[in-house]
Structures are given as structure tokens and as C-alpha cells.
Amino acid sequence: MDGKKDGTYDVIIIGGGPAGLTAAIYAGRRLLKTLVISLNIGGQALLTEQIENYPGYLDKSGPKLMKIFETQARSFGAEILIGYVQKVEKTGENFKVITNVGEFEAKAIIVAAGKIPRRLNVPGEEKFLGRGISTCVTCDAPFAKNKIVAVIGGGNSAVEGVEVLSKFAKKIYLIHRKEEFRADEITLERIKKLENVELVLNSVVIEFIGEKKLEKIKIQNLKSGEIKELEVQMVFLEIGHESKIDFVKHLVKTNEFNEIITNKLGETSCEGIFAAGDVTDCAYKQLVIAAGEGAIAALSAYNYLARKAGKEGLKVDWK
Ligand code: NDP
């Protein structure tokens, strides 16, 4: 915890990943009294050392990039509190944010709480996450070059992931717990024709094995009960994502994926609440997009507050 926080904030940002920290930079530069509340500083980007597609950044380390975001946010006056948000309540004109470390008040809220890739919760998963286990084919496919890899899942993400990986990897096992796939047939048919793809159906991974690097996975056939090991150097978990937004769901509209619905200005269905990054219904869950949405949400929050105070607000840049 950063110390005691008090007074009414102009904006409280929930989530300290790329979207939340970018929102903090933009809010800070507009001299808004800004508090970021997050379980960690960096979000999903902390899990990878292989960022190759964030423009202007060649280091690749997610944690290092997030440290830069944090430094920048703090340099513009944003306060950061490590905490868990339990509920956001509307209190007349303002909002009350209830956390495990106290209650805070703000005139506007930016939800940037991200999405969390679903986990298998089996032995070895925690150890190799980000070190052999990836939760994002789009981000990490090039690292599968000439390797034997496995993709877990039976939805579009898994099947499309296999198609992408087939251009890099030597061999790909697609491991799915059922016989039938959720994925679109057309993609499924395409991957069935690929020579370097082997389907392993009715099977689940029960353990990730290796010394320093991932070396093998133990899988179980759910029909026969048979357990065997497969040698793989990388595994891609493509088993869906979860949004954890119970703290604000009573105030904003969400879609069938439990994502917060926003317009192009990052506005939600609740006046004064904005959202940015993976937690929104944006189609592409990418770092650079989350950062961009964070900037938009902060500028919209600034506009909202300015207009409420009887000021003109921001002029659109190109008008
Ligand atoms: P989905 O929820 O569609 O699929 C998840 C898959 O992972 C399912 O096959 C599910 O199995 C499996 N799974 C879930 N939990 C576990 C577990 N604990 N152990 C083993 N397997 C598990 O997620 P996606 O990310 O694939 O897609 C999300 C949404 O985005 C979908 O609507 C999808 O259609 C869409 N999408 C669309 C694309 C496109 O149109 N081009 C591209 C990518 C995604 P089971 O089937 O048994 O439940």
C-alpha cells in the first residue's frame, strides 16, 4: 500500500495494466487528481518477456515496459494503490470505491481491470507460465519456430492458433477435452489437412513437467483413462478468458462475454464511468490497443468533469 489516501479524487482508475496506466498518464497531464487501484502494476504484460509488437519498444520485457508506464504515470502525479476493488457504488453525483484497504471517493471512474486468461489449474502450470506456457498465440507464435508445441482448447482461438502456429512450429498437438469442437468448421477442416498437426481428442493436460524449461506434458484420455506423456517445448492455453467485473456489473451494461460495452469515447452505459482495454467489448486484446483505449477513456473523463464544472471541455484535435 502506498500510504493513506484521502479526499475526493477526480478520477479513480481500476486496474494497473497498460490501459489503466496510460489513462493515469493522460489524466495526470490534465491535472486531474488521479488514483490507480490495482492488484499489481502491469497486469497481463507482467507475464511475458517476449513483447515484439509494442511500437517504439525493442527490449521485449513486459515487466520492464510496465515499469516505464508506471514511472511515467507517477511523474504526472497519479497515485497508485495496491488493492482489491470489492464494489463501486454511485453516491449522488460521485462514486464510492470500496476496496480491501479502505473506501475512496471519485467524481469519475475508469474501469481498466483487464481480462484474465483461463487457467487449467494443474501442477507445473504456475511454474512455466510465461516460460514455456503462453496464453496468446498472436503474441508468441514466432517463439514456436521449429519447436514441438501443443495448443489446448477447442474454440476458435485454439483452432485459429493452430493454423498460425503451423507456419512456425515443427509439430503441433491440438489437445481438446471433447470429440466435438466449438470452432468454426471451415477453420477446423483447414487444420485437419495440415501435415504438422495432430489432434488429441477427449484428452486433458494433467501436469506440466520440466527442470528449468518445459519439457513434457502429462495428458489423460478421458474416455479410456490412459495417461501418457508428450514431449513439447511450448504449450499455448487457448481455453478462453474471464472478466472479473462483479464489482461494477450492477452499474454498466455488459455483453455475453461479460465485457463492458463502450462507445468510441470509452463511455459506458453509466454516466461518469468509462472503460478501457481488455475489459471492454473491443475485438482485439492487444497491449497497444489497451494503451490507446486508456488514453481515450482519460480524455473522455476529463471532458465529462470539465463540462460538469461548466467549462467547455476538450476541443476535438482536428476541428
Ligand atoms: P471459447 O470459450 O469459445 O472456447 C474455449 C475452449 O476451451 C472450449 O473448447 C472449451 O472446451 C475449452 N476449455 C475451457 N476450459 C477448459 C479447461 N479447463 N480445460 C480444457 N479445455 C477447456 O474461447 P475462445 O477464446 O476460443 O473464443 C472466445 C470467443 O471469441 C468465442 O465466441 C469465439 O467464437 C470468438 N472468437 C472468434 C474468432 C473468429 O471469429 N475468427 C477468433 C477467436 C475467437 P469445451 O468446448 O469442452 O467447453
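The structure under discussion appears in the preceding block.
Residues numbered from 1 in each chain as written. Predicted model: local features only at pLDDT ≥ 70, side-chain atom pairs only at ≥ 80, totals over all residues. Heavy atoms only, no water.

Trainee: I tried to follow the pattern of salt bridges on my own but got confused; where do I start?
Mentor: Opposite charge on two side chains permits pairing when their charged atoms draw close. Tallying each qualifying case throughout the model produces 19 salt bridges. With a shortest N-O distance of 2.9 Å, Arg 74 and Glu 70 are connected by a salt bridge. One end of the pair, Arg 74, and the other, Glu 70, are both in helix α2 (residues 62-75), 4 residues apart, so they sit about a helical turn from each other. According to the relative accessible area criterion, Arg 74 is partly exposed, its value standing at 34%. Overall, Glu 70 belongs to the buried group, its relative accessible area being 8%. Taking the shortest distance from any N to any O, the salt bridge between Arg 190 and Glu 163 comes out at 2.4 Å. Separated by 27 residues along the polypeptide, Arg 190 in helix α6 (residues 185-192) and Glu 163 in helix α5 (residues 156-165) bring together distant segments of the chain. Within this structure, Lys 67, Glu 70 and Arg 74 form a network of salt bridges that share partners. (Salt bridge = Lys/Arg side-chain N within 4 Å of Asp/Glu carboxyl O. Helix = DSSP H or I, 4+ residues; strand = E, 2+ residues; numbered from the N terminus. Buried < 20%, exposed > 50% of the residue type's maximum accessible area, 1.4 Å probe, protein only.)

Trainee: Could you clarify how one ought to interpret the sheet that holds strand β12 (residues 203-209) in this entry?
Mentor: Backbone hydrogen bonds hold the strands of a sheet together, and the pairing may be parallel or antiparallel. A sheet is described by the order of its strands in space; here 3 strands give the open sequence β12-β13-β14, paired in antiparallel fashion. Among the strands making up the open sheet, the edge pair consists of β12 and β14 (227-231). The average undirected angle you get between the axes of adjacent strands in this sheet is 30 degrees. Two elements, β12 and strand β13 (residues 216-221), share 6 bridges in a ladder whose sense is antiparallel. (Pairing = 2+ DSSP bridges. Axes fitted to C-alpha atoms, helices over the stretch in contact; angles between N-to-C directions.)

Trainee: Help me understand the sheet that holds strand β8 (residues 133-134), please; the structure alone is not making it clear to me.
Mentor: Sheet architecture is open: 5 strands sit in the order β8-β15-β9-β10-β11, paired in parallel fashion. Whereas interior strands pair on both sides, the edge strands pair on one side only; in this sheet they are β8 and β11 (197-200). Two elements, strand β9 (residues 148-152) and strand β10 (residues 171-175), share 5 bridges in a ladder whose sense is parallel. Of the residues in β10, the one forming a bridge with Val 149 is Ile 172.

Trainee: Is there a simple way to think about α5 in this case?
Mentor: Because each turn of an α-helix spans 3.6 residues, side chains separated by three or four positions in sequence point in the same direction. For α5, the complete set of buried residues consists of Ala 158, Val 159, Gly 161, Val 162, Glu 163 and Leu 165. Tucked inside the fold, the buried residues of α5 contact α4 (137-140), β9, β10, α6, β11 and β15 (234-237). (Contact = heavy atoms within 4.5 Å.)

Trainee: Looking at this model, I keep getting lost on the state of the cysteines. Mind explaining?
Mentor: One covalent bond between the sulfur atoms of two cysteine residues makes up a disulfide. Taken as a whole and judged by the stated rule, the model has 1 disulfide. Between the sulfur of Cys 136 and that of Cys 139 lies a disulfide, 2.0 Å long from S to S. Looking down the S-S bond of the Cys 136 and Cys 139 bridge, the torsion is 75 degrees, so its handedness is right-handed. Given a relative accessible area of 17%, Cys 136 falls into the buried group. (Disulfide = S-S within 2.5 Å.)

Trainee: Just checking my understanding: could you explain the environment of Lys 87 for this structure?
Mentor: Relative to the assigned elements, Lys 87 resides in strand β4 (residues 85-91). Put simply, Lys 87 and Thr 268 are 181 residues apart on the chain and 17 Å apart in space, counted from C-alpha to C-alpha. Beyond its immediate chain neighbours, meaning those up to four positions away, Lys 87 contacts Lys 96, Val 97, Ile 98, Phe 247 and His 250.

Trainee: I tried to follow the environment of Ile 245 on my own but got confused; where do I start?
Mentor: Structurally, the position occupied by Ile 245 is in the loop between β16 (241-242) and β17 (273-275). Among the residues examined, Ile 245 registers a relative accessible area of 0% and is labelled buried. Ignoring any residue separated from it by four or fewer positions in sequence, one finds Ile 245 in contact with Thr 254, Asn 258, Ile 260 and Val 279.

Trainee: Mind showing me how you'd approach the pairing of strand β2 (residues 34-38) here?
Mentor: If a strand is regular, its side chains alternate between the two faces of the sheet. Burial runs high along β2: 5 of the 5 residues are buried. Alternating residues of β2 divide into Thr 34, Val 36 and Ser 38 and Leu 35 and Ile 37, and every residue in both groups is buried. Bridging between strand β1 (residues 8-14) and β2 involves 4 bridges; their strand directions are parallel. Counted as the bridge partner of Ile 13 is Val 36 from β2. In this fold, β1 hands off to helix α1 (residues 18-29), which returns the chain to β2; that crossover is right-handed. (Right-handed = clockwise from strand over helix to strand, strands pointing away.)

Trainee: Hey, could you run me through the side chain of Thr 22 in this one?
Mentor: Looking at the secondary structure, you find Thr 22 in helix α1. Polar contacts involving the side chain of Thr 22 include one to the main-chain carbonyl oxygen of Pro 18, which spans 2.6 Å. (Polar contact = N/O pair within 3.5 Å; in protein donor to acceptor, adjacent residues only side chain to side chain.)

Trainee: Mind showing me how you'd approach α2 here?
Mentor: Here α2 spans 20 Å end to end across 14 residues, near enough to the 20 Å set by a 1.5 Å rise per residue. Buried residues of α2: Gly 62, Leu 65, Met 66, Phe 69, Glu 70 and Ala 73, and no others. Along the long axis of α2, the arc covered by the buried residues comes to 145 degrees, so they all point the same way. The N-capping residue of α2, defined by a side-chain oxygen 3.1 Å from the backbone nitrogen of Lys 64, is Ser 61. (Expected span 1.5 Å × (residues − 1). Arc of directions from axis to C-beta.)

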